[in-house]
Amino acid sequence: MRPTPRKALAAGALALAALAAVSLPAAPPAAAAPDGAAPAGAFADGAASAAAVCTPAQAVVNGGFESGASSWTQSSTSVITSRTGQTAHGGTAFAWLGGVGSTHTDTLAQSVVIPSGCASATLTFWLHVDTTETTSSTAYDKLTAKIGTTTLATYSNLDKNTGYVQKSFDVSAFAGQTVSLSFTGTEDSSLRSSFVLDDIALATSGDTTPPADSVRTPAAPSYTVSLTSDAAGTVWTGHESATFTNASATALTDVYLRLWDNYHGTCAAMPITVGNVTGGTAGALSVGCTALQISLAAPLAQGQSATIGFDLGITVPSGADRFGHDGAFSFIGNALPVLAVKDGAGWHLDPYTNNGESFYSLAADFRVTLDHPTTLLVPASGTSVDTAGSSGRTITTATASRVRDFAWAAGPFSKISGTSAAGTPINVYSVSGISSANAQSMLTTAKTAVDAHSSRFGAYPYGELDAVIDNSFWFGGMEYPGFVLDLVSTTALTHEIGHQWWYGIVGDDEYTSPWLDESFTDYATDLALGKTGSGCWSSVSWASSAEKITNSMAYWDAHSSRYSTVVYGYGKCALHDLRRLVGDTAMATLLKGYAASHWYGVSTTAEFKAAAQAATTTDLTSFWTTHRIDG
Ligand SMILES: [Zn+2]
């Protein structure tokens, strides 16, 4: 989350004064609530041991065409060639689509197996385009690159270039699938364009299996949700089920559902209602009706799985909020009940905080079906497919893997789309009142941000990314997996996209250790925006001896005016200082390795400190003390 520039004005101004040398864009959020703040050490053991194996592999066979047509299907024997007129990027052969100058289609395809269990799968190829077309505005001749039925990119005579350029696409969403990689070149009736491809590769790397974790349970949840909305998209009813496994050596006798958005109502009029529980028996609501205990039908031994199901009702209140509707536009964050986490410290049933986040959950798979009026667009976490429903209605089916939550919006949005240079599809949904120039600017920002963070911390693994823009939010922005809410703000949007790694991919107990997501995300934001935090620590001024960067939301809810300054401002400055101490290269290697070792898992302050110490020969003991990083 990021506090609104408006709301954060006071805190932001203070932070600016205190951190004169730090460029502090839109300020961070305001405050948060406490909880039993489990000591990090309590669950440090057993956390993140060795992860499962992803064997890096290259899935395209004969991608350089040096073995002729082997493994490829081509529309004619003239596509894969080494004849004169074009040159290879490497070797002597290449694929030449088009170049005829009359109405014509060439195709080239190969079936590829993209292995599962890897964090990233990246398709790359080298492309040269030349043409005798003279237009600078019309795409007469085209080349389309697809994987399965998904179009990755379309090029045309307007993309003519000298020599080859490499194109790169994140195709990790297709992990575990056998799909057709295909290229189709079309020319119109006159003037030729040549699309020349070479050195096509699809490389996988990184592990997608969460680190072995016998401490946190219930593990590996899989949620199946089916909801139908009213005409306005503010009332949703249906069913949810959750299948999970007990990872702990201790038998699991009950689970807790978090009904977070009941914070936005009262126990007498709950926005989130659960009924007709199957697979267990519903117990009492607690923590302000945001937690529901469910006793399982039978104790679950280590490694055993169970499923609970329940009817679900969601009523979105009025308000431009992370759960609220701003006129016709509904924002539906934290509305789907998710399983609370039990670890060495017991169940984590922390209170909701409006100052930040309490949302601690394990990576899960979601399949969510949303039946809504066709007049409403429904951006959502994961990858969506729309099909026709009953008269005037559309069914959006969204699937998301290895995510900690699922959020969506509904409304008559304006939508624009694009693809980042590295291949992540981006959709920007704007409420009425957002200018097309601002929407375009946010699209550009999102493309740049997702690639910047990917290059530093590992490829963005969640397929498409949706940004929902409304300048009426009381905060700067709010993160959900593959889905962010934002003001028109370059800094806030870059920040929320950074959360895809820090909270999303690398999880943490947001209530106990908010700095692990907010400080790291603001540091990532600085890096993406070219800000160095030069000299920032010299202006740090602590409010008390109890104030620490690593304090829990329990502390910050009691000291809300200091949350943004310390956790965002001092926190990111501490990471800049750590970078200056260990060196830029060691810091970059540290963060990339730290992300990889916790990919889809959960980290703790103690684990970060250990990783940092392992990255340098400098004793960091005094650094942690000086920067008040405890744990
Ligand atoms: Zn944030």
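These numbers come from a predicted model, not from an experiment.

**Q** In this structure, what is going on with the overall build of the protein chain? I would like to understand it.
**A** Scanning the protein chain for helices and strands turns up 9 helices and 33 strands. Taken over C-alpha atoms, the radius of gyration comes to 25 Å for the protein chain, in line with the 25 Å a tight globule of 631 residues would show. Taken over 631 residues, the protein chain has a buried fraction of 54%. Considering only contacts within the protein chain whose residues lie at least 6 apart along the sequence, 75% involve residues at least 24 apart.

**Q** I'm lost on the pairing of strand β6 (residues 104-113) in this one. Help?
**A** Looking along a regular strand, one sees the side chains alternate between the two faces of the sheet. Examined bridge by bridge, strand β3 (residues 73-74) and β6 share 2 bridges and lie antiparallel to one another. Counted as the bridge partner of Thr73 is Ala109 from β6. Where β6 and strand β11 (residues 178-187) come together, 10 bridges link them in antiparallel fashion. Bridging from a neighbouring strand, Ala109 pairs with Ser182 of β11.

**Q** How should the nonpolar core be read in this particular structure?
**A** A general trend in soluble globular proteins is that nonpolar side chains are found buried together. Ile332, Ala409, Val428, Ala446 and Ala467 are the most contacted members of the largest nonpolar core, which has 130 residues in total. Membership of the second largest hydrophobic core comes to 37 residues, among which are Val171, Ala173, Ile200 and Leu202.

**Q** Honestly, the environment of Ala345 in this entry has me stumped. Any pointers?
**A** Note on placement: Ala345 falls in the loop between β23 (342-343) and β24 (346-347). For Ala345, a count of 18 C-beta atoms within 10 Å corresponds to the partly exposed category.

**Q** Mind showing me how you'd approach the environment of Val129 here?
**A** Summarising the element assignment, Val129 is placed in strand β7 (residues 118-131). Given 21 C-beta atoms within 10 Å, Val129 falls into the buried group. When residues no more than four places from it in sequence are discounted, the contact partners of Val129 are Tyr155, Asp159, Lys160, Asn161, Ser193, Ser194 and Phe195.

**Q** For this particular structure, what's the right way to read the confidence of the model for the protein chain?
**A** Caution applies to low-pLDDT parts of the model: their predicted coordinates are not meant to be read in detail. Averaged over every residue, the pLDDT of the protein chain is 90; residues scoring 70 or more account for 90%. Of the regions scoring below 50 in pLDDT, residues 6-52 engages in 153 contacts with residues more than four places distant in sequence or in other chains.

**Q** Can you walk me through unusual backbone geometry in this structure?
**A** Excluding glycine, most residues fall at negative phi; most peptide bonds, likewise, are trans. The omega torsion across Thr217 and Pro218 is -5°, close enough to zero to call that bond cis. Of note, Pro218 is situated in the loop between β12 (193-207) and β13 (219-229). Not every positive phi belongs to a glycine, and Val287 is a case in point at roughly 50°. Turning to its location among the elements, Val287 is positioned in the loop between β17 (280-286) and β18 (291-300). Backbone geometry at Arg402 places phi at a positive 55°, although glycine is not the residue there. Along the chain, Arg402 turns up in strand β27 (residues 393-403). On the basis of neighbour count, Arg402 is assigned to the buried category, with 22 C-beta atoms found within 10 Å.

**Q** When you look at helix α3 (residues 490-498) in this model, what are you seeing that I'm missing?
**A** With respect to burial, α3 is a largely interior element, 9 of its 9 residues being buried. Residues Thr490, Thr491, Ala492, Leu493, Thr494, His495, Glu496, Ile497 and Gly498 constitute the buried set of α3. On its buried side, α3 packs onto β1 (2-3), α2 (436-457), β31 (465-469), β32 (475-480), β33 (483-486) and α4 (515-528).

**Q** Where do I start with the sheet that holds strand β29 (residues 414-419) in this structure?
**A** Pairing within the open sheet is mixed, and its 6 strands lie in the order β1-β32-β33-β31-β30-β29. In the strand order of this sheet, the two ends are held by β1 and β29, each with one partner. In this structure, β32 lies alongside β33, joined through 4 bridges in antiparallel fashion. In the sheet register, Met478 faces β33, and the bridge partner there is Leu485.

**Q** Is there a simple way to think about the packing of α4 against helix α6 (residues 560-582) in this case?
**A** Angle between the axes and distance between the axes are the two parameters that describe a pair of packed helices. Interaxial distance between α4 and α6 falls to 8 Å at its minimum, and their mutual angle equals 65°. Looking at the two axes, α4 sits roughly perpendicular to α6. For the element pair α4 and α6, the recorded crossing hand is right-handed. The segment α4 lies against α6, with Trp515, Glu518, Ser519, Phe520, Asp522, Tyr523 and Asp526 engaging Val567, Tyr568, Gly571, Lys572, Ala574, Leu575 and His576.

**Q** What is the right way to read the packing of α2 against α3 from this model?
**A** The geometry of α2 relative to α3 is characterised by a closest axis approach of 9 Å and an angle of 40° between their N-to-C directions. On the basis of their axis angle, the class for α2 and α3 is oblique. Note on packing geometry: the crossing formed by α2 with α3 is right-handed. Together, Met442, Thr445, Ala446, Ala449, Val450 and His453 of α2 and Thr490, Leu493, Thr494, Ile497 and Gly498 of α3 make up the contact between the two elements. For the contact of α2 with α3, a count of residues per class yields 6 nonpolar, 5 polar and no charged.

Each value, and the rule that gives it
Residues numbered from 1 in each chain as written. Predicted model: local features only at pLDDT ≥ 70, side-chain atom pairs only at ≥ 80, totals over all residues. Helix = DSSP H or I, 4+ residues; strand = E, 2+ residues; numbered from the N terminus. Rg over C-alpha atoms; globule rule 2.2 N^0.38 Å. Buried ≥ 20, exposed ≤ 12 C-beta atoms within 10 Å, placed from the backbone. Contact = placed C-beta atoms within 7 Å. Pairing = 2+ DSSP bridges. Core = buried A, V, L, I, M, F, W, Y, C linked by C-beta atoms within 7 Å. pLDDT = per-residue confidence, 0-100. Axes fitted to C-alpha atoms, helices over the stretch in contact; angles between N-to-C directions. Parallel < 35°, antiparallel > 145°, perpendicular 65-115°, else oblique. Left-handed = near helix turned anticlockwise from the far one by under 90°. Nonpolar A, V, L, I, M, F, W, Y, C, P; charged D, E, K, R; others polar.

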